[in-house]
Amino acid sequence: MDFLNNLPALFGPAVATLLGLIALDVLLAVAVALRQGEFSFYRLADFYESNVLPYLLGWVAFSAAARFVSVELLPEPLGAVFSNTAAGAAWAAAVMAIGRSVLDAIKELYQGV
């Protein structure tokens, strides 16, 4: 139960970073769509389903599972190292994927300028 009580403290800054990048990605995608005259609220919902859910929820689920499994099944020093490494690697992968999407949107937005 201590693990569940500590979730906000464990994921606070990392979740804020991911949400900030996702918000930036959404704003840039909307700007690109408006510039190309292809904006649609339906596509915005598709973007949420394809970018927000897999990255944010996938990272939280993987990190929570890694922390829970490592604490319950591995000896103390090994469990802490594994859980922190796995959670950090999953977070870095999500940040890199969203970052690539942000850079692609910036490139597309300023392509003809």
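This text goes with the structure placed above it.
A brief structural summary. Since we're looking at a predicted model, the values are computed, not measured.

1. Let's talk about the overall build of the chain
Logical step 1: The secondary structure content of the chain amounts to four helices and zero strands.
Logical step 2: Sequence-ordered secondary structure for the chain, helices as α and strands as β, is α-α-α-α.
Logical step 3: Taking all contacts inside the chain whose residues are at least 6 apart in sequence as the whole, residues at least 24 apart take part in 76%.
Logical step 4: Per element, the accessible surface of the chain, about 7400 Å² overall, is 70% carbon and sulfur.

2. Some words on the pattern of salt bridges
Logical step 1: Going through the model one piece at a time under the given rule, you end up with two salt bridges.
Logical step 2: Between R100 and D104 there is a salt bridge, with its nearest N and O atoms 3.7 Å apart. Taken as a pair, R100 and D104 lie in helix α4 (residues 76–109) at a separation of four residues, close to a single helical turn.

3. Some points on the packing of aromatic side chains
Logical step 1: Taken as a whole and assessed by the stated rule, the structure comprises one aromatic pair.
Logical step 2: A ring pair is formed by F39 and F41, whose centres lie 5.1 Å apart and whose planes are at 75 degrees; its orientation type is edge-to-face.
Logical step 3: Taking the relative accessible area as the measure of exposure, F39 reaches 31% and is therefore partly exposed.
Logical step 4: Given a relative accessible area of 65%, F41 falls into the exposed group.

Criteria and thresholds
- Residues numbered from 1 in each chain as written.
- Predicted model: local features only at pLDDT ≥ 70, side-chain atom pairs only at ≥ 80, totals over all residues.
- Heavy atoms only, no water.
- Helix = DSSP H or I, 4+ residues; strand = E, 2+ residues; numbered from the N terminus.
- Contact = heavy atoms within 4.5 Å.
- Areas by Shrake-Rupley, 256 points an atom, 1.4 Å probe, with all protein chains shown as cover.
- Salt bridge = Lys/Arg side-chain N within 4 Å of Asp/Glu carboxyl O.
- Phe/Tyr/Trp six-rings, centres within 6.5 Å; stacked < 30°, edge-to-face > 60°.
- Buried < 20%, exposed > 50% of the residue type's maximum accessible area, 1.4 Å probe, protein only.

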